[in-house]
Amino acid sequence: MELSPEYRAMAFVSSLQCLHLGGRDGIPVRPTRPCATRMSSKGFARPRKIFKYTGKVRPGTVSPKRSVPSDIMRPSYADDGIPKEKQPQKPWEIEIKSDEDIEAMRISGRLAREVLDLAGRTAVAGASTEDIDVVVHEETLKRGAYPSPLNYGGFPKACCTSVNEIIGHGIPDSTILNRGDIINVDVTVYHNGFHGDCSETFLVGDVDPEASRLVRVTYECLQRAIAVCKPGIPYSEIGNTIQRHADANNVGVFKDGVGHGIGQAFHTTPDVLHFANNVNNGIMRKGHVFTIEPMINEGSARGVMWPDGWTAATKDGRRSAQFEHTVLITEEGAELLTARLPESNPLSFLEETV
């Protein structure tokens, strides 16, 4: 997911750091001095404020960043974390991909899907989120691709792993998965100059009926949003469609994570809002490529940012789920560049596999 413009502009103050999310790509801009402790005029430090985690998930130990062989094509931000692609000046200015671009993106999307499926098979009780990241990293490299999240804005890992109340951008670490957990794994790969982006929420063993229902409704939100996509439709209709289904099922739509245009740039126009809105983010045209990735919360739609500056959690500590596809607008409607494969993991939360 990409943080919304409003969320990126917000300043988060924690016990460890101040974080300003600014710029089109949500790259963290950290102050030169930590703001957890300030010195009084008499030279005594004020007490630190303790960050209040909202659920049961806590940060684990993050291993060192893994390397990428020099023969793998690297995105513009791979070395310093800063994307170099020029961004459109207006939110409704959206690139129309050429036939050659689309063919390249079909390959990137297929590779992302293959890696996500393998990651999902690793999401079992007793595995760590670090174990999932190892699979994503290694399988991406085997396919001659670069794991797009790695060093994007300084992100330290190859994928995002978001467990239970974590809405998105969870950092893979030593956290162990338990039976009954739900986990979203978000995979993006960069191959031959183009990104492909997808995610799914996986059930870890048998889960309670409420968790299964949340995941099913989230999947339905994505499917209904895809179904309205075709040339001439305003991008706002995606959010309106998701909001209607979420409201009908008494779940919350997280408003501060958006879908996004994608191609040679990881994130670009349009901003795809997942909630009811009339914002002019453009009209769908043949050749547009973007992600839809609704984040649906069991309770409150609101979120909080962890002190690491990446991890978004639900404000009330209840669970969140997400699904994502990269979507191409065609003459007839929408083509999923990250479509599920015949061998993809069964969607056990549905009555029958889709």
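Anything mentioned here points back to the structure above.
Residues numbered from 1 in each chain as written. Predicted model: local features only at pLDDT ≥ 70, side-chain atom pairs only at ≥ 80, totals over all residues. Heavy atoms only, no water.

### Structural notes on the packing of aromatic side chains
- Per the counting criterion, the structure on display carries 9 aromatic pairs.
- With 4.9 Å between their ring centres and 85 degrees between their planes, Tyr77 and Tyr152 make a pair best called edge-to-face. Of this pair, Tyr77 sits in the loop between strand E4 (27-29) and helix H2 (99-122) while Tyr152 sits in the loop between strand E5 (146-147) and strand E6 (160-163), placing them 75 residues apart in sequence.
- What makes Tyr152 buried here is its relative accessible area of 6%.
- Ring geometry for Tyr152 versus Phe266: centroids 4.8 Å apart, planes at 65 degrees, classification edge-to-face. In this pair, Tyr152 is assigned in the loop between E5 and E6 and Phe266 in the loop between strand E11 (257-261) and strand E12 (268-272), connecting sequence segments 114 residues apart. For the pair shown, Tyr152 and Phe266 are each scored as buried.
- Counting every residue linked through ring pairs, the aromatic cluster contains Phe51, Tyr53 and Trp306.
- The ring of Phe275 carries Lys255 above its face, with NZ or CZ at 5.4 Å from the centroid. (Phe/Tyr/Trp six-rings, centres within 6.5 Å; stacked < 30°, edge-to-face > 60°. Helix = DSSP H or I, 4+ residues; strand = E, 2+ residues; numbered from the N terminus. Buried < 20%, exposed > 50% of the residue type's maximum accessible area, 1.4 Å probe, protein only. Lys NZ or Arg CZ within 6 Å of the ring centre and 35° of its normal.)

### Considerations on the nonpolar core
- Formed by 36 residues in total, the largest nonpolar core has its most connected members in Ile238, Ile242, Met284, Phe290, Ile292 and Phe349.
- Every element with two or more residues in this core is listed here: helix H4 (209-227), helix H5 (236-248), strand E13 (289-292) and strand E18 (325-329).
- Tallying contributions element by element places H4 first for this core, with 9 residues.
- Once residues within four sequence positions are removed from consideration, Ile242 is found in contact with Cys221, Ala225, Val253, His274, Ile292, Pro294 and Ile296. (Core = buried A, V, L, I, M, F, W, Y, C linked by side-chain atoms within 4.5 Å. Contact = heavy atoms within 4.5 Å.)

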